[in-house]
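# Descriptive analysis of the structure
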Amino acid sequence: MVDYRREGNVAILTVNNPPVNAISTRVKDGIYECISRAKNDTKVSVIVIHGHGKHFIAGADIHGFSGQRESSKVVATLPEVIAFMEASNKPIVAAIHGTALGGGLEIAMGCHYRIATKSARVGQPEVLIGILPGAGGTQRLPRLCGLGPALDLISTGRHIKAPQALKLGIIDKIVSDDILKEGIAFAKAVIDKPLNGRRISTLPVKDAENAEQLISAANASVRKRQRGMMAPIWNIKAVAESIKLPFDEAMEKEAEYFTVLVTSSQARALQYAFFSERLAPKWEVPGVASYNTVKPMNIKTAAVIGAGTMGTGIAMALLNARIPVTLVEQNKQFLEKGVKMIQDLYAGSVRLGKLTADQAKYLLSNLKTSLSYDDLSTVDCVIEAVYENMALKKEIFAKLDNACKPSAVLCSNTSSLDIDEIASATKRPDKVIGTHFFVPAYYMRLLENVRGKLTSPETIATVQSLGVRIGKIPVVVGNCDSFVGNRMLGTYTSEAQFLLEEGALPHEVDSVIKDFGIPIGAFEVSDLSGLDIGWRIRKERYEKLEKSGKKHDPNARFINGERFSPLGDTLCEKGRFGRKTGMGWYRYEKPGAKEPFIDAEITTLLEDYSKKHNITRRKISPQEIFERCFYPLINEGFKVLEDGIATRPEDIDVIWINGYGWPKYTGGPMYYANQIGLDKIYDTMCYYYEQHPTSSHWRPSALLRDLAKQQLPISQWGKQVASRL
Ligand SMILES: CCCCCCCC(=O)CC(=O)SCCNC(=O)CCNC(=O)[C@H](O)C(C)(C)COP(=O)(O)OP(=O)(O)OC[C@H]1O[C@@H](n2cnc3c(N)ncnc32)[C@H](O)[C@@H]1OP(=O)(O)O
Ligand SMILES: NC(=O)C1=CN([C@@H]2O[C@H](COP(=O)(O)OP(=O)(O)OC[C@H]3O[C@@H](n4cnc5c(N)ncnc54)[C@H](O)[C@@H]3O)[C@@H](O)[C@H]2O)C=CC1
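So, a few notes on the structure that sits alongside this text.

Cut-offs and rules
Residues numbered from 1 in each chain as written. Chains lettered and ligands numbered in written order. Predicted model: local features only at pLDDT ≥ 70, side-chain atom pairs only at ≥ 80, totals over all residues. Heavy atoms only, no water. Near = heavy atom within 4 Å. Polar contact = N/O pair within 3.5 Å; in protein donor to acceptor, adjacent residues only side chain to side chain. Areas by Shrake-Rupley, 256 points an atom, 1.4 Å probe, with all protein chains shown as cover. Helix = DSSP H or I, 4+ residues; strand = E, 2+ residues; numbered from the N terminus. Nonpolar A, V, L, I, M, F, W, Y, C, P; charged D, E, K, R; others polar. Buried < 20%, exposed > 50% of the residue type's maximum accessible area, 1.4 Å probe, protein only. Right-handed = clockwise from strand over helix to strand, strands pointing away. Pairing = 2+ DSSP bridges. Contact = heavy atoms within 4.5 Å. Axes fitted to C-alpha atoms, helices over the stretch in contact; angles between N-to-C directions. Parallel < 35°, antiparallel > 145°, perpendicular 65-115°, else oblique. Left-handed = near helix turned anticlockwise from the far one by under 90°. Salt bridge = Lys/Arg side-chain N within 4 Å of Asp/Glu carboxyl O.

## Description of the site of ligand 2
Taken together, 25 residues form the shell around ligand 2, and within it Met 310, Glu 329, Glu 388, Lys 393 and Ser 415 come nearest. Here an oxygen atom of ligand 2 sits 2.8 Å away from a polar atom, N or O, in the side chain of Gln 330. When ligand 2 sits alone it has 830 Å² of accessible area, and the protein chains cover 86% of it. Contributions of two or more residues to the shell around ligand 2 are made by helix 13 (309-320), helix 16 (390-403) and strand 17 (432-437). With three residues, helix 16 is the single largest residue contributor to the shell around ligand 2. Taken together, the residues that form the shell around ligand 2 break down as 14 nonpolar, eight polar and three charged.

## Here we look at the pairing of strand 3 (residues 46-51)
Across the six residues that make up strand 3, a large majority, six, are buried. Residues Val 46, Val 48 and His 50 line one face of strand 3 and the alternating positions Ile 47, Ile 49 and Gly 51 line the opposite face, and both faces are buried. In this fold, the crossover linking strand 2 (residues 10-15) to strand 3 by way of helix 1 (residues 25-40) has right-handed handedness. Across four bridges, the pairing between strand 3 and strand 4 (residues 92-96) is parallel.

## Section: unusual backbone geometry
For the bond from Pro 18 to Pro 19, the omega torsion is 5°, close enough to zero to count as cis. Checked against the element boundaries, Pro 19 lands in the loop between strand 2 and helix 1. Here the amide bond leading from Val 439 into Pro 440 is cis, since omega sits at -5°, within 30 degrees of zero. At Ser 482, a position not held by glycine, the phi torsion is positive, near 70°.

## What about the environment of Pro 474?
Within the secondary structure, Pro 474 sits in strand 19 (residues 473-478). You can call Pro 474 buried: its relative accessible area is 0%. Leaving out residues up to four positions away in the same chain, Pro 474 has contacts with Ala 280, Pro 281, Leu 447, Asn 449, Gln 464, Gly 467 and Val 468.

## Here we look at the sheet that holds strand 5 (residues 99-101)
On the basis of which strands lie adjacent, the open sheet formed by three strands has the order 5-7-8 and mixed pairing. The sheet is open, and its two borders are formed by strand 5 and strand 8 (160-161), each paired with just one other strand. Bridge count between strand 7 (residues 121-123) and strand 8: two bridges; the pairing is antiparallel. Directly across from Arg 121, in strand 8, lies its bridge partner Lys 161. Across the face of the sheet, helix 4 (residues 103-110) comes into contact with strand 5 and strand 7 while running at roughly 95° to strand 5.

## Concerning the site of ligand 1
Residues in close proximity to ligand 1 total 28 residues, the closest being Gly 103, Glu 106, Glu 126, Arg 278 and Lys 282. Interatomic distance of 2.6 Å between a side-chain N/O atom of Glu 106 and an oxygen atom of ligand 1. Within the backbone of Gly 134, an N or O atom sits 3.5 Å from an oxygen atom of ligand 1. Coverage of ligand 1 by the protein amounts to 73% of the 1100 Å² it exposes when considered alone. Counting residues per element, the ones that place at least two in the shell around ligand 1 are helix 2 (63-66), helix 3 (78-87), helix 4 and helix 12 (265-279). By residue number, the principal contributor to the shell around ligand 1 is helix 12, which donates three residues.

## Concerning the sheet that holds strand 13 (residues 325-328)
Across the sheet, which stays open at both edges, the eight strands sit in the order 14-13-12-15-16-17-18-19 with mixed pairing between neighbours. Here the strands that pair on one side only, and so sit at the sheet edges, are strand 14 (367-370) and strand 19. Averaged over all pairs of adjacent strands, the angle between their axes in this sheet comes to 25°, without regard to strand direction. Pairing analysis gives four bridges linking strand 12 (residues 302-305) to strand 13, with the strands arranged parallel. Of the residues in strand 13, the one forming a bridge with Val 304 is Leu 327. Across the sheet, helix 26 (residues 649-659) lies against strand 18 (446-451) and strand 19, angled at about 125° from strand 19, the strand it touches most.

## Remarks on the environment of Ile 681
Residue placement: Ile 681 occurs in helix 28 (residues 678-691). When sequence neighbours within four positions are dropped, the list of residues in contact with Ile 681 reads Tyr 631, Ile 634, Ala 673, Ile 676 and Leu 704.

## So, the packing of helix 6 (residues 147-156) against helix 9 (residues 211-225)
Helix-helix packing is characterised by the crossing angle of the two axes and by the distance between the axes. At a minimum axis distance of 10 Å, the contact between helix 6 and helix 9 shows a crossing angle of 20°. When the axis of helix 6 is compared with that of helix 9, the two are roughly parallel. The handedness of the crossing between helix 6 and helix 9 comes out as right-handed. Only Ala 211, Leu 214, Ile 215, Ala 218 and Val 222 of helix 9 make contact with helix 6, whose side of the interface consists of Leu 147, Gly 148, Leu 151 and Ser 155.

## A word on the pattern of salt bridges
Here the structure, examined in full by the defined rule, presents 40 salt bridges. Here Arg 628 makes a salt bridge to Glu 502, at a shortest N to O gap of 2.8 Å. Highlighted residues: Arg 628 in helix 25 (residues 622-642) and Glu 502 in helix 19 (residues 485-502), separated in sequence by 126 residues. Each member of the pair, Arg 628 as well as Glu 502, is classed as buried. With a closest N to O distance of 2.9 Å, Arg 618 and Glu 624 form a salt bridge. Residue Glu 624 is classed as buried on the basis of its relative accessible area, which comes to 14%. Where salt bridges share partners, they join Glu 495, Glu 501, Glu 502, Arg 557, Arg 563, Arg 618, Glu 624 and Arg 628 into one cluster.

In structure tokens:
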């Protein structure tokens, strides 16, 4: 785990714990033993510590926080090992490449010098997994770089690159990529330098005079940006001790606060989410294939059909990953509008300093435009993002099938339509798949990849690998109406509207949702994305119904015996499409304005509506709003598993955290359900199903019922699911 060798008078410690050199108990013990050995070796004058493989050390082993810890051969804890390093009379140099994160940066701060390659990144990301830097990070970082930067890095968990770390004084020098050679050379040059002033724990905290202001600004920022999370607050509290107490006493506080966090349910949920996100790309379709049995195709070029909201965002996601894109539209005017949208977004990134003008120019140079499918004969992959209309999508897929080379993968960004029906328009259904991006597609990390009945494992592997390449978290799901995310969302939006019919107002529902930790309420989000999108989809469904001989009544509160609220259609008929028209479920100052105001017209409309349908409006409690919005959503997640549409509960949680703003610190709807207690959810579902028998989303899932009885850990639900299919 940690190798020791000597080159002349330099002792070299190599941490070797693939894949990221995480600090397991054995790594910690190894570092302690090797440092002891170097201290006692009279031939050694200086010590270099570096990492084998891609990283220096990416932090403590996260598995160790909730699982069984290995027993330690040496008594010292990580903070003690770091103190032991710092006290060494032989200089220790941390030679950093890849990343020095969490405990890795804390080890580097226990060294007397830190050098790094230009591409190296450092940070204290513990807050993101619900804990704090418990090995002196909250105390050494403010001494090294100042209170303000330390508060920022520790409370946000963001990584910074070596040049910025150099500016902040976190590292001493940027060196070439031959990190070990550089480390040895640097070590030789500092052998005789005094170590006074190099032991960070002995230094004063920089910026201590502005402490009060800096701490209250940090608290205000986390209350706004990381609402509901307890770790950022405790991280700030720990850093604040650095200006109140001497180092050793502040370290005791750090240990105390670490214990509070590491045993919290938020930390467990965040760590579950960390591993779930890493599991998602490793897809598995039971009985069919899995990521480690199939090779993906290499996508060198791509095309996007439709230069609207999604098409332009998808094109940018591809361009950002250096994949040349041909963007196709139905006419010149729409094409120019789409290209302008992309140019403006890149110009915005340049203004914000996220890209240089040259980088933006380079990315745009990979964008080609066309009005003809004839230009797509050589592309490896096409992603269609035209209006949500089956006939149109089938027409386009038939054209693509004729125009593209036989090996090209054809993807649809549909958010709800049947992938098998779209694939039936081609002679290559094995190469057709849904790639459901989320708005804005260049930013949102979720990619829901929808496999059809005939989609080949190679096609699944290809879009999964493409997803990772463009920086997304790809999740494979099965084909059903609205797939996983939107199918579950459907229950939540329906119930939210039923609550309006029965007495609640949009802001009352939204505030319960936001108090739970979802950043935006159901009605606010509907106004943001535009009520007309859902209306278009529903109108297509009404047309289908009419074609099958069933006339659609615009006032109907039931469709095929199932409760339905026509309120969304009523608003659209009045031109209330949301923010874009300056009115939707809320009122806005003007079209396009962001701040929602309660609208008296909506209150009157709801009251009239309830009267017209003989519904007695009542005061609905926040608890009822919560249960009615979230329990059917969770229940639908179990039905999604039951149907084999998702194969693992972790995938559902990843979808909700990354596509719908579900608070990560609750782990996702499936994990959260387990926290509430599956038996409680099941009983509540039964209660509401009795009250609302015409809403099938209240019918409790059989899987939920069975799992509620078995009380299995979530890691075993997948096996239960597989055994039922
Ligand atoms: C008295 C008590 C004192 C207690 C002291 C506490 C000490 C502390 O202060 C606590 C800590 O250090 S907590 C850990 C802080 N570090 C992090 O959060 C870094 C997490 N990792 C990353 O960001 C990326 O993996 C990274 C940027 C490193 C690499 O990204 P990539 O995209 O290249 O690779 P990934 O797919 O993310 O990861 C590759 C494999 O490595 C696993 N992994 C990553 N970091 C890990 C970590 N810290 N612990 C355990 N496993 C880890 C990851 O799960 C993945 O595994 P596989 O999916 O199986 O390949
Ligand atoms: N807007 C959203 O939040 C999300 C939308 N989706 C899905 O993405 C697809 C596109 O949605 P948006 O981008 O929002 O729509 P949009 O209305 O912004 O853009 C659609 C574009 O397709 C173009 N188009 C129509 N017919 C065409 C043809 N024959 N050839 C080439 N281009 C054609 C239109 O001119 C328009 O620019 C839909 O299937 C939608 O369900 C998926 C996820 C989220």
